[in-house]
Structures are given as C-alpha cells and as structure tokens.
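# Reading the structure
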Amino acid sequence: MTAPVTFSLALSNETATAHLMADLALLIGPGDLITLSGDLGAGKTAAARAMIRYLADDDALEVPSPTFTLAQSYDLAPFPLVHADLYRVNDPIELEEIGLQPLPEATVVLIEWPERAAGALPEDRIDIALSHRPALGSAARSAATNVFPGAICSIRWMIPVSVAMMKVSAASVLVSWIIPSVEAIWIPSGGRSPSAIR
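Now for a look at the structure at hand. (Residues numbered from 1 in each chain as written. Predicted model: local features only at pLDDT ≥ 70, side-chain atom pairs only at ≥ 80, totals over all residues. Heavy atoms only, no water.)

### Details of the environment of R141
Applied cut-off: Numbering of helices and strands runs from the N terminus; a helix is a DSSP stretch of H or I covering at least four residues, while a strand is a stretch of E covering at least two. Relative accessibility under 20% of the residue-type maximum defines a buried residue, over 50% an exposed one, and the middle range a partly exposed one, all with a 1.4 Å probe and only protein chains included. In this analysis, two residues are considered to be in contact whenever any of their non-hydrogen atoms come within 4.5 Å of each other.
Following the sequence through the fold, R141 ends up in strand β7 (residues 141-147). The class of R141 is buried, set by a relative accessible area of 15%. Put simply, R141 and T17 are 124 residues apart on the chain and 8.1 Å apart in space, counted from C-alpha to C-alpha. If sequence neighbours within four positions are ignored, R141 has contacts with L9, A10, L11, G41, A42, G43, S131, H132 and R133.

This is the structure in structure tokens:
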C-alpha cells in the first residue's frame, strides 16, 4: 500500500474545526469514508455536525450524536451521508447489522470511533484524529489527518507549493502537510459554497 498523504492542523476553537470540515466537505464525494477518532470530548461529533450542517446549508439543523442509534442517515442535496458512532460496537461483525458492512454505495460515510471496527473498514479512506491542545487554550484541538491512496478526494487535496508550513489566519490554523516527494498546503474555502468549487 502506498503511504497516505498526511497533514496536521492546530485548531484554535470549534469555529476553526467547523471551517476545516466545511473545506473538507467541498472536496469529498459519494463513496468517500471519513473516520473521526480521539478521546471522549475531543470534538468528533462537533466535527461531524459541522460537516453535515455545511452540506445541508443549514446551521441550525439538528444533528444528534449517533451514540445510541449507532447510525444516522441524512439525505443531503449533494449526496446521501451516514453518520455512525461505533463506541458501543463490540465486534466488527455488528457493522452489518447497522448497515455499514458493506458500506452504502454512492454515500459519504462519517464514522466516529473507527478503532472499534479495526480491520473491517476499507483502507481507502480519510482518517482524522482529534486531540486536546491545552497549551493553545481550553477549546483548542489538534487534527492529524491521513488521506489514503484511493480515497476519491485524495487527488483533489494535493496543491503543490514550495512551502511546508504556513499560518492561515482565515481559519486560525497552522498547516503542515507531509507528502512523499510533494509538499502541499491546505487552502481554506473562505465560506464558498460547494457549487462554487465543483
């Protein structure tokens, strides 16, 4: 397997996390799998909620945590999306019972607690690991992201540049991408709609 595209972000607050997820929403498409991992309270559900609200174009959309329902489906304008929480899954075999084995076709799937299904998820995916960054403030988070080859959006993420780090004030994030033989930078959308990008 080819090494994934990897980058890390320091997110100063929940708004910065929402900006990251909105920008990612511009780059994904049906068939993409995004996993969100991290400790309790790291911001997994907040990140998923931000992406779903952005894609729905509705900042007030009720997006509950699927901790007890395990999976919640959304029929969004650009494509269907399933938001799943595997915290209560004890065996990867249970994925079939909740409609995640195999993954739904032509659907974006967001999965919290992917480690609960170790080995049962496809390798071609986008992994986002969130963690607390108390040195940057009580609301600060870090997002370490891997985009594995074959993930539908992986080619769209690579924007060659000659710098490895840059302060992006619009989203208040410090970006560092490490790509074998290519350096790239994440450029925030600045609130553009998906139709303006695609």
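### Structural notes on the pairing of strand β2 (residues 33-37)
Here is the rule we go by: For two strands to be treated as a pair, DSSP must find at least two bridges joining them.
The element β2 is extensively covered by neighbouring structure, given that 5 of its 5 residues are classed as buried. Relative to strand β5 (residues 108-112), β2 runs parallel, the two being bridged by 4 bridges. For L36, the partnering residue across the bridge sits in β5 and is E112. Examined bridge by bridge, β2 and strand β6 (residues 126-132) share 4 bridges and lie parallel to one another.

### Quick word on helix α1 (residues 14-25)
Definition in use: For a helix, the expected span equals 1.5 Å multiplied by the number of residues minus one. Under the rule applied, a polar contact is a pair of N or O atoms within 3.5 Å (in protein, one hydrogen donor and one hydrogen acceptor; residues adjacent in sequence only if both atoms are side-chain atoms).
Under the 1.5 Å per step criterion, the end-to-end length of α1 is 16 Å for 12 residues, consistent within 8% with the ideal 16 Å. Taken residue by residue, α1 has A16, T17, L20, M21, A22, D23, L24 and A25 as its buried positions. The distance from a side-chain oxygen at the start of α1 to the backbone nitrogen of T15 is 3.0 Å, and the residue carrying that oxygen is N13.

### Quick word on the pattern of salt bridges
The cut-off we apply is this: The term salt bridge refers to a side-chain nitrogen of Lys or Arg lying within 4 Å of a carboxyl oxygen of Asp or Glu.
Under the counting rule described, the total for this entry stands at 1 salt bridge. Across the salt bridge formed by R125 and D127, the nearest N and O atoms sit 2.7 Å from each other. In terms of burial, R125 and D127 fall into one category: buried.

### Considerations on unusual backbone geometry
Cis geometry is adopted by the peptide bond preceding P102, which originates at Q101 and carries an omega value of 0°. Here P102 is to be found in the loop between α3 (94-97) and β5. With phi around 75°, L70 is a residue other than glycine that occupies positive phi space. Position of L70 among the secondary structure elements: in the loop between α2 (44-56) and β3 (71-75). Under the relative-accessibility criterion, L70 is labelled buried at 15%. Backbone geometry at W113 places phi at a positive 60°, although glycine is not the residue there. Inspection of the secondary structure puts W113 in the loop between β5 and β6.

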